[in-house]
Amino acid sequence: MARKRKTDGRTPRRALWFRTLIAITACGAAVGGLAAYRTLSDDTATERPVTVDEASRLALSRLNLYQASPLKVDLTATEGGGVVVRVKGVVDYRTHRAVGSYRITGASGASAPAGGQLDHGLIVWDTGGLGLAPVPKGDDRPPWQQAEHVPRSGWSARSYTTDPLDAGLQLLIGLGADRPDNPLLLAQSGARRLGSDRIDGREYDRFAGPRAQGATPGTGPDGGRSPLTYWVDGDGGLRRVTMRMPGLGTPTTVEFSGRDGRAKLPAAPWGTG
């Protein structure tokens, strides 16, 4: 998180993988017959292709995020070496901007402070990159209000890297859309129902997203399954998304916890002054 790396114009392999993944998640077409079943299975523990109803709910989930904005979000990313980054904030899919606070914890040798906290501050991000700033002293208001008082010059901005946190922020900012996906294409691209879970007293179906472009079903370490998993309720509401990344055992997790109608995203980080 503290690194301020700039890209050198080359596209790393993981970045290519991520862009392909986002394109497929946004309902890129794949050749093949319709995989949606028209009858529900009673065996909730068996992985299977999505039904027509399930594909429709999954297709609506991105539009529902857009319409419910601004939304409260929590993101957890494991950076390796025991370092964990947690971001709590608000995302507005109408502007594709987000603001929050970040906290980095984990082992860092003998120099690690008590409690394991390595760094904390404010974070803003959009489709192009992110910015970091210290928390204003004595200000315990929500991050979106704190950020409003940080001038543009107070933000340390950078482009996205291929780190797990950056990949998670990119994924999160791209999840909402102003129109639903095509459910038939979602089914054709390999979306699958994995099971169901109860979260905060509500039932959610757990889905594997569309396969990455070029992936062959039944091959690879995950059987050709998408690295993305979605938790969607009966109305197409998206509660959680996880993303597995190559070489990491712990996936990046995004949690949505409802609308925050009071939130107003600051203008300073994206202003011209």
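(A) Up close: the packing of aromatic side chains. Scanning all chains against the criterion turns up zero aromatic pairs. Just above the ring of Tyr66 sits the side chain of Arg94; from NZ or CZ to the centre is 5.1 Å. Across the ring face of Trp231, the terminal group of Arg240 is positioned such that the distance to the ring centre comes to 5.2 Å.

(B) Broad picture of the sheet that holds strand S4 (residues 97–105). The strand order S1-S8-S9-S10-S11-S12-S2-S3-S4-S5-S6-S7 describes an open sheet built from 12 strands, whose pairing is antiparallel. A strand with exactly one partner marks an edge of an open sheet, and here the two such strands are strand S1 (48–49) and strand S7 (156–159). The pairing of S4 with strand S5 (residues 117–126) spans nine bridges and is antiparallel. Note on S5: the bridge partner recorded for Ile104 is Asp119. Taken strand by strand, helix H2 (residues 52–68) contacts S1, strand S2 (71–80), strand S8 (192–199), strand S9 (202–208), strand S10 (228–232), strand S11 (238–243) and strand S12 (252–259), and its axis lies near 110° from that of S9. On top of the sheet, helix H4 (residues 164–173) reaches S2, strand S3 (83–92), S4, S5, strand S6 (129–133), S7, S10, S11 and S12; it is set at about 155° to S2, its chief contact.

Definitions and limits used
- Residues numbered from 1 in each chain as written.
- Predicted model: local features only at pLDDT ≥ 70, side-chain atom pairs only at ≥ 80, totals over all residues.
- Heavy atoms only, no water.
- Phe/Tyr/Trp six-rings, centres within 6.5 Å; stacked < 30°, edge-to-face > 60°.
- Lys NZ or Arg CZ within 6 Å of the ring centre and 35° of its normal.
- Pairing = 2+ DSSP bridges.
- Helix = DSSP H or I, 4+ residues; strand = E, 2+ residues; numbered from the N terminus.
- Contact = heavy atoms within 4.5 Å.
- Axes fitted to C-alpha atoms, helices over the stretch in contact; angles between N-to-C directions.

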